[in-house]
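One-letter residues, chain by chain:
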Amino acid sequence: MATVIQIIFGLIAALVVGAAVMVVTVRNVIHAALWLIACFFGVGALYMLLEAEFLAVVQVLVYVGAISILILFAIMLTRQVTGEGVRQLVGGWRLWLTAAISALLFAVAIVPTIISHAWNLPAPPGPPGTPEPLDGVAELGRAFVYEFLLQFQVAGVLLTVALIGAIVIAFEERARRRRVLTLAEEHELRKRLAQPAPMEAPAGEPAPAPRAAPISEGEAQQ
Amino acid sequence: MTAAVPLEAVLVVAGALFCIGLFGALSRRNLVGVLMGIELMLNAVNVNLVAFWRYLEPRFITGQTFAIFIICVAAAEAAVGLAMVIAIYRNWLTVNADAVDSLKG
């Protein structure tokens, strides 16, 4: 049994760390977002392994269901769909500096501290094989309505404020609204730009207000 | 679980996740990529909290409530952050963090 758990833990750890590495290194931002979803799933599986079932469900609901979709929407709305020809990471000495900071933090600060610290682990209850007493969802709900009621309410207010703030920040007045190209239109435009003979703008499209710098310009030159 | 996998292993995985997220947040040029790195770091912290709850205080639910509050704050942060990315894109026509430097003087 212990071996099975160890193998499962090893697989989940490899998934989490490997997907995280792909998130930060892959060139295409959409691929990075998809790897991020894989990483969130791995973390959810880790919660399940740690016997925090409710948190695993919350992880899948909130991170996989909401935040990843939000990130994908932001990527599509900001139109930097593919990263070809665009450097995604900072260049030169800054890249090496950040890599060195992260690696040193891990190898010099975190791992030696974890290894050398004497964790005050509680003794296992009774003879081996007895299930450990474990707080579950019932205690969690009770804690939310008794002990942490104020924090619970404040979290609700925070979420409301964040909702309103996100709308206010992202809101655009109708008069200033710029026509945003859909992915299909952008693909079409890019194909047209690639062709030597320029064709007219497709009929039916209302003459767009000064369109946000044609794709590939301004992004390709960086 | 507690008998098979030592606490240190879980903490090392969480630490690796945190450092990878830090690297991503510092080295990505795309603002959305920076936010993805921050999400990775928040996840690493949550793994830490749940591991401490499970191994050290399994009869004390505070570890899980703390993780849920962090998820809540992370959701708020992601919503506002991505709204800011969209607003920045609208004004600067770029999501490159290096190009948004009008406060640089």
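Residues numbered from 1 in each chain as written. Chains lettered and ligands numbered in written order. Predicted model: local features only at pLDDT ≥ 70, side-chain atom pairs only at ≥ 80, totals over all residues.

> Account for unusual backbone geometry, naming residues and giving values.
Notably, E51 of chain A is not glycine yet its phi reads approximately 65°, a positive angle. Position of E51 of chain A relative to the elements: it lies in the loop between α2 (29-49) and α3 (53-77). (Helix = DSSP H or I, 4+ residues; strand = E, 2+ residues; numbered from the N terminus.)

> Describe the packing of helix α4 (residues 92-116) of chain A against helix α1 (residues 7-27) of chain B, and please don't skip the residues or the numbers.
Put simply, α4 of chain A and α1 of chain B touch, their axes get as near as 9 Å, and they point 165° apart. With respect to α1 of chain B, the axis of α4 of chain A lies roughly antiparallel. The handedness of the crossing between α4 of chain A and α1 of chain B is right-handed. Contact residues: L95, T98, A99, S102, L105, F106, I110, V111, I114 and I115 of chain A in α4 of chain A; E8, L11, V12, G15, A16, C19, L22, F23, L26 and S27 of chain B in α1 of chain B. Of the residues in the contact of α4 of chain A with α1 of chain B, the class split is 15 nonpolar, four polar and one charged. (Axes fitted to C-alpha atoms, helices over the stretch in contact; angles between N-to-C directions. Parallel < 35°, antiparallel > 145°, perpendicular 65-115°, else oblique. Left-handed = near helix turned anticlockwise from the far one by under 90°. Contact = placed C-beta atoms within 7 Å. Nonpolar A, V, L, I, M, F, W, Y, C, P; charged D, E, K, R; others polar.)

> Before we move on, can you summarise the nonpolar core with the specific residues and values?
Burial of nonpolar side chains together is a common tendency in soluble globular proteins. With 71 residues, the main nonpolar core has V23, C39 and I71 of chain A together with L17, V32, V47 and V50 of chain B as its most contacted residues. Elements that contribute at least two residues to this core include exactly α1 (2-25), α2, α3 and α6 (149-170) of chain A together with α1, α2 (31-56) and α3 (62-92) of chain B. When neighbours within four sequence positions are excluded, C39 of chain A is seen to be in contact with V16, A19, A20 and V23 of chain A together with L40 of chain B. (Core = buried A, V, L, I, M, F, W, Y, C linked by C-beta atoms within 7 Å. Buried ≥ 20, exposed ≤ 12 C-beta atoms within 10 Å, placed from the backbone.)

> So, the interface of chain B and chain A: which residues are in play, and what are the values?
Counting from both sides, the interface comprises 66 residues of chain B and, opposite them, 79 residues of chain A. The set of elements that each furnish at least two residues to the side of chain B that touches chain A consists of α1, α2 and α3 of chain B. Considering every element that reaches the side of chain B that touches chain A, the biggest residue donor is α3 of chain B, with 21 residues. Its residues placed into classes, the side of chain B that touches chain A shows 47 nonpolar, 12 polar and seven charged.

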